[in-house]
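# Analysis of the macromolecular model
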Amino acid sequence: EPEVTQTPSHQVTQMGQEVILRCVPISNHLYFYWYRQILGQKVEFLVSFYNNEISEKSEIFDDQFSVERPDGSNFTLKIRSTKLEDSAMYFCASRGQIGSGQFGTEAFFGQGTRLTVV
Amino acid sequence: AQTVTQSQPEMSVQEAETVTLSCTYDTSENNYYLFWYKQPPSRQMILVIRQEAYKQQNATENRFSVNFQKAAKSFSLKISDSQLGDTAMYFCAFMKLYNSGGSNYKLTFGKGTLLTVNP
């Protein structure tokens with residue numbers, strides 16, 4: 001069964017350092033997302049990516065964040081200068097084509113990357 | 001903007017019994033999907049069940065079923081014959097739909113309900 005894979009599973013970084021979280025979405029999917037879950041809190045939308053550009057971003061997704069799909073298979077989230085409050089579980093998700101006249105398909109989530117900023 | 005509310009932070013149920021998790025949402029949209037996702041201790045988000053807003057019939061998936069009340073904006077999840085493996089955080093989520101391109105189909109999640117199934 002196809003799945004979304006994320007690496008690494010856990011990353012520890014010093015405050016102020018840059019981190020790149022990596023995701024390999026399901027191969028024929030077209031919509032890509034990053035979500036964040038601070039420990040004990042709800043899952044929050046960060047950014048959506050479609051047709052090689054950001055289609056929407058939340059208030060959380062400030063200038064310190066960027067996303068990229070460098071080679072047609074990987075989908076990365078970069079945090080330029082990490083802060084303590086960036087510590088969270090980061091989930092990548094992908095979705096297939098929303099067909100004309102149809103109402104949606106499910107989003108498939110990866111296992112998450114736990115980011116710890118110290 | 002859409003909001004999703006799960007008013008029960010924690011619930012517990014005895015194995016083999018039935019439990020209902022509640023979810024309400026607020027939207028001005030008419031076309032949307034609702035989902036229940038399960039997050040076990042492994043932390044992966046797993047889709048449990050989905051409901052299309054234009055369908056009046058409640059969705060069912062084996063032991064999982066929903067009670068979708070569109071006018072009341074309510075979307076509860078019923079788990080029958082609870083099993084120990086059902087122990088997890090359960091998130092209700094909303095997805096807005098558009099009929100034209102440009103939508104990103106993002107999910108808006110509630111805060112979750114931690115369900116514990118006791119032996």
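What you are looking at is a predicted structure, and each value in this text was computed from that prediction instead of being measured. (Residues numbered from 1 in each chain as written. Chains lettered and ligands numbered in written order. Predicted model: local features only at pLDDT ≥ 70, side-chain atom pairs only at ≥ 80, totals over all residues. Heavy atoms only, no water.)

## A word on unusual backbone geometry
- Residue Pro-8 of chain A follows Thr-7 of chain A across a cis peptide bond; omega there is -10°.
- Tracing the sequence through the fold places Pro-8 of chain A in the loop between strand E1 (5-7) and strand E2 (10-13).
- One non-glycine residue, Lys-73 of chain B, lies in positive phi territory at about 55°.
- Among the structural elements, Lys-73 of chain B can be located in the loop between strand E8 (64-69) and strand E9 (74-79). (Helix = DSSP H or I, 4+ residues; strand = E, 2+ residues; numbered from the N terminus.)

## Structural notes on the state of the cysteines
Residue and element names in this part refer to chain A.
- Summed over all chains, the structure comprises two disulfides over all chains.
- Across the disulfide, Cys-23 is cross-linked to Cys-92 (sulfur-sulfur distance 2.0 Å). Measuring the twist about the S-S bond at about -65°, one finds the Cys-23-Cys-92 disulfide to be left-handed. Of this pair, Cys-23 sits in strand E3 (residues 19-24) while Cys-92 is found in strand E9 (residues 88-95), placing the two residues 69 residues apart along the sequence. The same class applies to Cys-23 and to Cys-92, which are both buried. (Disulfide = S-S within 2.5 Å. Buried < 20%, exposed > 50% of the residue type's maximum accessible area, 1.4 Å probe, protein only.)

## Quick look at the interface of chain A and chain B
- Counting residues at the interface gives 23 residues for chain A, matched by 22 residues for chain B.
- Counting the surface lost from both chain A and chain B, the interface buries some 2200 Å², and carbon and sulfur atoms represent 58% of this.
- Viewed at the interface, chain B and chain A are joined by one salt bridge.
- For the side of chain A that touches chain B, the elements supplying multiple residues, two or more each, are strand E4 (31-37), strand E5 (43-50), strand E6 (53-57), E9 and strand E10 (107-109) of chain A.
- If one sorts the elements of the side of chain A that touches chain B by residue count, E4 of chain A sits on top with four residues.
- Taken together, the residues of the side of chain A that touches chain B break down into 12 nonpolar, six polar and five charged. (Contact = heavy atoms within 4.5 Å. Buried area = accessible area lost by both parts, 1.4 Å probe. Salt bridge = Lys/Arg side-chain N within 4 Å of Asp/Glu carboxyl O. Nonpolar A, V, L, I, M, F, W, Y, C, P; charged D, E, K, R; others polar.)

## Structural notes on the pairing of E9 of chain A
Residues and elements named next belong to chain A.
- Burial of E9 is extensive: eight of the eight residues sit out of reach of the surface.
- With burial as the criterion, each face of E9 is covered, one bearing Ala-88, Tyr-90, Cys-92 and Ser-94 and the other bearing Met-89, Phe-91, Ala-93 and Arg-95.
- Summarising the sheet, E4 and E9 pair through seven bridges and their orientation is antiparallel. Bridge pairing in E9 links Trp-34 to Cys-92.
- Note: E9 against strand E11 (residues 113-117), three bridges, orientation antiparallel. In the strand pairing of E11, Met-89 is matched with Arg-114. (Pairing = 2+ DSSP bridges.)

## Some points on the environment of Glu-56 of chain A
- Within the secondary structure, Glu-56 of chain A sits in strand E6.
- The residues touching Glu-56 of chain A, leaving out its near neighbours within four places in the chain, are Phe-45, Leu-46, Val-47 and Ser-48 of chain A together with Asn-104 and Lys-106 of chain B.

## Considerations on the packing of aromatic side chains
- Applying the stated criterion across every chain, the model contains 21 aromatic pairs over all chains.
- Where Tyr-35 of chain A meets Phe-109 of chain B, the ring centres are 5.7 Å apart and the plane angle is 90°; that geometry is what we call edge-to-face. Taken together, the positions of Tyr-35 of chain A in strand E4 and Phe-109 of chain B in strand E11 (residues 107-109) put the pair across two chains.
- Relative to Phe-75 of chain B, the ring of Trp-36 of chain B has its centre 6.2 Å away and its plane inclined at 20°; by these criteria the two rings are stacked. Of this pair, Trp-36 of chain B sits in strand E5 (residues 32-39) while Phe-75 of chain B sits in strand E9, and the two are 39 residues apart along the sequence.
- In this structure Trp-36 of chain B comes out as buried when scored by relative accessible area, which is 0%.
- An aromatic cluster of at least three residues, connected via ring pairs, comprises Tyr-33, Tyr-35, Phe-45, Phe-91 and Phe-109 of chain A together with Tyr-33, Phe-35, Tyr-37, Phe-91 and Phe-109 of chain B. (Phe/Tyr/Trp six-rings, centres within 6.5 Å; stacked < 30°, edge-to-face > 60°.)

## Observations regarding the sheet that holds E1 of chain A
Residue and element names in this part refer to chain A.
- In spatial order, the strands read E1-E3-E8-E7; together these four strands make up an open sheet with antiparallel pairing. Lying at the two open borders of the sheet, with one neighbouring strand each, are E1 and strand E7 (65-68). Averaged over all neighbouring strand pairs, the angle between strand axes comes to 20°, with direction disregarded.
- Here E1 runs beside E3; their pairing, made up of three bridges, is antiparallel. Bridging from a neighbouring strand, Thr-7 pairs with Arg-22 of E3. (Axes fitted to C-alpha atoms, helices over the stretch in contact; angles between N-to-C directions.)

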